[in-house]
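Coordinate analysis (summary)
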Amino acid sequence: MSKGSSDILKASEIIKRGGVVAFPTETVYGLGANALDPIAVAKIFALKERPSFDPLIVHICSFDQISLVADEISPLVKELTDKFWPGPLTIVLPKKSIVPDIVTSGLPTVGVRMPDNSIALELIKECGTPLAAPSANKFGNLSPVKASHVKKQLPDVDFVLDGGKTKGGIESTIVSVKGNICTLLRPGLITLEDIERVMPQKFIFANDKPEEIIAPGLLKSHYSPTKPLYITDLSKIVFPENSGVIVHSKREDLNVKKIICTSADCTLTEVAANLFSAMHTMEEDDDISQIYIESVAEKGLGIAIMDRVKKAAYRYTKSL
Ligand code: TXA
Ligand code: MG
């Protein structure tokens with residue numbers, strides 16, 4: 001048996017005994033427990049220090065499992081899953097009663113997704129149960145894209161399945177589907193354009209109805225590094241000492257302590273893939289006291305990238 005599969009077996013044993021395991025997905029690392037076991041799920045909330053009003057996504061490994069946890073699997077849902085699963089699309093649907101209230105924070109709906117990562121899929125299969133899993137970070141802090149990021153924030157987690165750096169780098173897109181209307185709840189790796197290509201006419205954008213949607217993806221401050229982060233137009237800044245700068249295309253003209261380039265030419269899939277890891281590297285560097293980051297245009301995947309960047313910087317914006 002390969003090391004990979006023996007680790008998956010070990011992780012599944014822990015989960016079957018009611019424990020919590022961090023595992024890679026194609027977006028970010030998740031902190032998983034048996035979605036049908038409320039006591040195991042409570043451990044996720046405790047480890048993450050996550051408020052109980054914040055529902056978890058349920059991860060499945062085959063389309064058939066969706067009907068175990070959710071109702072109203074309409075032709076529209078089928079269209080979406082045929083096109084985007086396995087992949088970074090979470091679909092919010094009416095929940096089945098088998099899903100404990102703690103998973104959905106008492107909501108009548110449940111978010112479901114099938115991750116496009118072989119370790120995650122094998123783990124769910126081996127566990128024989130869907131896994132409830134939020135991102136494997138402390139609530140409000142940077143999302144983890146490497147096993148080391150999980151261990152830094154959650155040293156008490158029972159086991160971290162190491163699948164290397166995740167390929168997508170930011171979280172899934174979340175949509176709710178009611179009748180034939182699909183509503184965007186959180187921008188993510190799958191863009192509005194990707195969805196509209198499959199379903200013209202049937203799409204609306206829930207921009208500011210947070211009172212209806214309990215999704216901390218909609219909180220203004222989230223995903224934050226422990227050091228000040230400022231969004232900046234690089235040309236206008238005199239950088240203080242010990243500044244780190246995150247740019248999205250090659251730059252050699254900046255006189256700062258550290259520069260991280262997420263992409264040589266602002267390719268948005270590369271920017272997304274490297275965004276949180278760049279912020280982690282700056283956070284971990286003792287020589288860096290504050291971080292500056294460039295914007296990207298808010299189009300296509302740029303919408304989800306700037307959603308994360310603005311929320312990461314929000315708590316520091318007033319002091320700029
Ligand atoms: O890519 C991802 O989605 C990652 C990986 C691990 O799958 N997970 C993730 O989970 O980002 P988390 O917990 O960090 O964010 C999940 C978001 C939360 O903002 C939560 O409020 C929303 O999903 N959510 C979950 N169930 C919901 C529901 N029934 N209605 C509305 N929003 C929901
Ligand atoms: Mg999260």
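What counts, and where the lines are drawn
- Residues numbered from 1 in each chain as written.
- Chains lettered and ligands numbered in written order.
- Predicted model: local features only at pLDDT ≥ 70, side-chain atom pairs only at ≥ 80, totals over all residues.
- Heavy atoms only, no water.
- Helix = DSSP H or I, 4+ residues; strand = E, 2+ residues; numbered from the N terminus.
- Buried < 20%, exposed > 50% of the residue type's maximum accessible area, 1.4 Å probe, protein only.
- Contact = heavy atoms within 4.5 Å.
- Core = buried A, V, L, I, M, F, W, Y, C linked by side-chain atoms within 4.5 Å.
- Near = heavy atom within 4 Å.
- Polar contact = N/O pair within 3.5 Å; in protein donor to acceptor, adjacent residues only side chain to side chain.
- Areas by Shrake-Rupley, 256 points an atom, 1.4 Å probe, with all protein chains shown as cover.
- Axes fitted to C-alpha atoms, helices over the stretch in contact; angles between N-to-C directions.
- Parallel < 35°, antiparallel > 145°, perpendicular 65-115°, else oblique.
- Left-handed = near helix turned anticlockwise from the far one by under 90°.
- Nonpolar A, V, L, I, M, F, W, Y, C, P; charged D, E, K, R; others polar.
- Salt bridge = Lys/Arg side-chain N within 4 Å of Asp/Glu carboxyl O.
- Pairing = 2+ DSSP bridges.
- Arc of directions from axis to C-beta.

Moving on, we come to the overall build of the protein chain. A count of helical and extended segments in the protein chain gives ten helices and 14 strands. When its C-alpha atoms are laid out on the principal axes, the protein chain stretches across 55 × 45 × 35 Å. Going through the 320 residues of the protein chain one by one, you find that 56% of them count as buried. For the protein chain, contacts bridging at least 24 residues in sequence account for 68% of all contacts bridging at least 6.

Let us now look at the nonpolar core. Membership of the largest hydrophobic core comes to 61 residues, with the highest contact counts inside it found for L31, L80, L89, I91, L123, V175 and V177. Among all residues touching L123, those that are not within four sequence positions of it are I8, A11, S12, I15, F23, L131 and L161. Of all hydrophobic cores here, the second largest spans 36 residues; its members include Y223, F239, M282 and L301.

Before going further, it helps to examine the site of ligand 1. With respect to spatial proximity, 27 residues lie near ligand 1, and among them T27, R50, H59, S135 and S172 are the closest. Contacts to ligand 1 include T109, whose side-chain N or O atom sits 3.0 Å from a nitrogen atom. In isolation ligand 1 has 670 Å² of accessible area, and contact with the protein removes 97% of it. Only β3 (57-59), β5 (109-113) and β9 (181-186) provide two or more residues apiece to the shell around ligand 1.

Now for the packing of helix α9 (residues 268-284) against helix α10 (residues 301-314). Axis separation between α9 and α10 bottoms out at 9 Å; the angle between their running directions is 15°. Judged by the inter-axis angle, α9 sits roughly parallel to α10. Between α9 and α10 lies a crossing of left-handed hand. Listed contacts from α10 to L268, T269, V271, A272, L275, F276 and M279 of α9 are L301, G302, I305, R308, V309 and A312. A class-by-class count of the residues in the contact of α9 with α10 yields ten nonpolar, two polar and one charged.

Moving on, we get to helix α2 (residues 38-48). All buried positions along α2 are accounted for by A40, V41, I44, F45, L47 and K48. Packed against the buried residues of α2 are β2 (30-34), α5 (101-104) and β6 (131-132).

Moving on, we get to the pattern of salt bridges. Here the structure, examined in full by the defined rule, presents 17 salt bridges. Among the ionic pairs, K152 bridges to E283, the shortest N-O distance being 2.8 Å. With K152 in helix α7 (residues 147-153) and E283 in helix α9, this pair connects stretches of sequence that are 131 residues apart. The class for K152 is partly exposed, based on a relative accessible area of 35%. Linking K310 and E298 is a salt bridge whose minimum nitrogen-to-oxygen distance equals 2.9 Å.

The next subject is the environment of D82. Examined against the element boundaries, D82 turns out to sit in helix α4 (residues 75-84). Judged by its relative accessible area of 53%, D82 falls in the exposed class. Between the C-alpha atoms of D82 and V41, which are 41 residues apart in sequence, the distance is 29 Å.

Moving on, we come to the environment of A313. Among the secondary structure elements, A313 is positioned in helix α10. Residue classification places A313 among the buried residues on the basis of a relative accessible area of 1%. Between the C-alpha atom of A313 and that of F45, which follows or precedes it by 268 residues, the distance is 24 Å.

Time to look at the sheet that holds strand β11 (residues 229-231). Pairing between the strands of a sheet comes from backbone hydrogen bonds, and it takes one of two forms, parallel or antiparallel. The strand order across the open sheet built from four strands is β11-β14-β12-β13, with neighbouring strands paired in parallel fashion. If you trace the sheet from one side to the other, it starts and ends with β11 and β13 (258-261), each paired once. The sheet shows a mean angle of 20° between the axes of neighbouring strands, taken without regard to direction. Pairing of strand β12 (residues 243-247) with β13, which is carried by four bridges, proceeds in the parallel orientation. When the bridges of β13 are listed, V247 appears paired with C261. Along the sheet face, α10 touches β11 and β14 (290-293) and points at about 130° away from the line of β11.

Our next topic: the side chain of S143. Along the chain, S143 falls in the loop between β6 and α7. What makes S143 buried here is its relative accessible area of 0%. Every residue in contact with S143, bar those within four places of it in the chain, is listed here: V28, N137, E171, Y223, F276 and H280.

All right, on to the side chain of T232 then. By secondary structure assignment, the location of T232 is in the loop between β11 and β12. With residues near it in sequence (within four places) discarded, T232 still touches I237, Y292, I293, E294 and S295.

Three or more residues of α4 are buried, namely L76, V77, L80, T81 and F84. The buried residues of α4 occupy an angular sector of 130° when the element is viewed end-on, so they sit on one face. In α4, the exposed residues that point more than 90 degrees away from the buried face are P75, D82 and K83.

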